[in-house]
Amino acid sequence: WQLARSYVLADHFFSSTQGGSTSNYEYAVAAQSWPTAAAGGPPAGQQTIFDRLTGAGVSWGYFVKNYSADRKAGRLAGLHAQVPLLDLSTVTSNPKQISHIQDLSHLYRQLARGGVPAVSYVVQPGQTEHAPGSVAAAEVATVGLINAIMRSRYWGSSAIFLTWSDWGGWYDGVAPPQVDGTSYGFRVPALIVSPYARRGLVLHNVADFTSILKFIETVYGVAPLTSRDQSAY
């Protein structure tokens, strides 16, 4: 609540598709979703924002809470929804590419010691706020990370986009608008936290996860992935 009051609250930010968390995580990295593994999985050569960044020489990381523990225990299959890169053979078969996926503890160390990538995605599997999950526990984990960024040397050049993969079953009276001949998913919370953000602004523009891709593409001068991010706000 305090972050929303102090920075930017986007009140017309929608999930990219009505397909649930998995397809929305895919939109968040690729501006599209792909078939399930049972239906053939992603097409060969599926591109993501990280391919664009690698091609432009821009550093990136995908930080996952408890990733190291899950790797040791062989539980990576359960992470595919939040880490769609694990579906892509171009990542999993390339040691250099998969090395970008790291445990969240690495990001905390980089905030303290230096070396934070230019673009970082952070997911916290297990910290669900779907009913009947604990909203408070997830909130503490998220705010703790944002506070760590604010206390670091990187805060002065940071833009944090905080959002949720889908609506979580909570009622919302705002109908999703149409896009690309289909429909966005239900509205989700979204905050933009940055020293460059207009303080206390409520942003009414219609946006979705591909809007974050559009921001990255604009900042680093890389080409859009699909028509969705190309036309995003």
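Above this text is the structure in question.
Thresholds applied
- Residues numbered from 1 in each chain as written.
- Predicted model: local features only at pLDDT ≥ 70, side-chain atom pairs only at ≥ 80, totals over all residues.
- Heavy atoms only, no water.
- Helix = DSSP H or I, 4+ residues; strand = E, 2+ residues; numbered from the N terminus.
- Rg over C-alpha atoms; globule rule 2.2 N^0.38 Å.
- Buried < 20%, exposed > 50% of the residue type's maximum accessible area, 1.4 Å probe, protein only.
- Contact = heavy atoms within 4.5 Å.
- Areas by Shrake-Rupley, 256 points an atom, 1.4 Å probe, with all protein chains shown as cover.
- Lys, Arg positive; Asp, Glu negative; His and termini not counted.
- Charge placed at Lys NZ, Arg CZ, Asp CG, Glu CD.
- Salt bridge = Lys/Arg side-chain N within 4 Å of Asp/Glu carboxyl O.
- Pairing = 2+ DSSP bridges.
- Core = buried A, V, L, I, M, F, W, Y, C linked by side-chain atoms within 4.5 Å.
- Patch = residues over 30% accessible without salt bridge, like charges linked within 9 Å, V, L, I, M, F, W, Y side chains within 5 Å.

A. Inspection of the overall build of the protein chain at higher detail. Helix and strand content of the protein chain: 10 helices and 9 strands. Expected size for 233 residues packed as a compact globule is a radius of gyration near 17 Å; at 17 Å, the protein chain falls within 12% of this value. The buried share of the protein chain, taken over its 233 residues, is 43%. In the protein chain, the proportion of contacts linking residues at least 24 apart, taken out of those at least 6 apart, comes to 71%. For the protein chain, the accessible surface area stands at approximately 11800 Å², while carbon and sulfur atoms represent 56% of it. If the 16 positive side-chain charges of the protein chain are averaged to one point and the 14 negative ones to another, these points end up 12 Å apart.

B. A look at the pattern of salt bridges. Counted by the stated rule, this structure contains 4 salt bridges. The shortest N-O distance in the salt bridge between Arg 228 and Asp 180 comes to 2.7 Å. Here Asp 180 lies in the loop between strand E6 (178–179) and strand E7 (182–183) and Arg 228 lies in helix H10 (residues 227–230), a separation of 48 residues in the sequence. For Arg 228, a relative accessible area of 4% translates into the label buried. Each of the salt bridges in this network shares a partner with another, and the network as a whole consists of Asp 180, Asp 208 and Arg 228.

C. Structural detail: the sheet that holds strand E1 (residues 8–10). Judged by pairing direction, the sheet is mixed, and its 4 strands sit side by side in the order E5-E8-E1-E9 without closing on themselves. Edge positions in the sheet fall to strand E5 (160–163) and strand E9 (202–203), since each of these pairs with one other strand and no more. Here 2 bridges tie E1 to strand E8 (residues 190–193), and the two strands are oriented antiparallel to one another. Its bridge partner being in E8, Leu 9 is matched across the sheet by Leu 191.

D. Representation of the environment of Ala 31. Here Ala 31 is to be found in the loop between helix H2 (21–30) and helix H3 (49–55). Distance in space between the C-alpha atoms of Ala 31 and Asn 147 is 29 Å, their sequence separation being 116 residues. In contact with Ala 31, other than residues within four places in its own chain, are Glu 26, Thr 210, Leu 213, Leu 225, Thr 226, Arg 228 and Asp 229.

E. Representation of the pairing of strand E4 (residues 119–123). Where burial is concerned, the two faces of E4 differ: the one with Val 119, Tyr 121 and Val 123 is buried and the one with Ser 120 and Val 122 is not. As judged from the 5 bridges shared by strand E2 (residues 60–64) and E4, these two strands associate in the parallel manner. When the bridges of E4 are listed, Phe 63 appears paired with Val 122.

F. A look at the nonpolar core. The biggest cluster of nonpolar side chains holds 55 residues, and the ones touching the most others in it are Ile 49, Phe 50, Tyr 62, Ile 101 and Tyr 121. With near-sequence residues (within four places) excluded, Ile 101 lies in contact with Tyr 62, Val 64, Tyr 67, Val 83, Leu 85, Leu 86 and Val 91.

G. View of a nonpolar patch on the surface. On the surface, Phe 215, Val 219 and Tyr 220 cluster together into a nonpolar patch covering about 260 Å² of accessible area. With respect to the helices and strands, Tyr 220 occurs in helix H9 (residues 209–220).

H. Local environment of unusual backbone geometry. One non-glycine residue, Ala 31, adopts positive backbone phi at about 60°. Residue Ala 31 is classed as buried on the basis of its relative accessible area, which comes to 3%. Backbone geometry at Asn 66 places phi at a positive 65°, although glycine is not the residue there. Mapped onto the fold, Asn 66 is located in the loop between E2 and helix H4 (67–73). Accessibility expressed as a relative area gives 42% for Asn 66, which makes it partly exposed.

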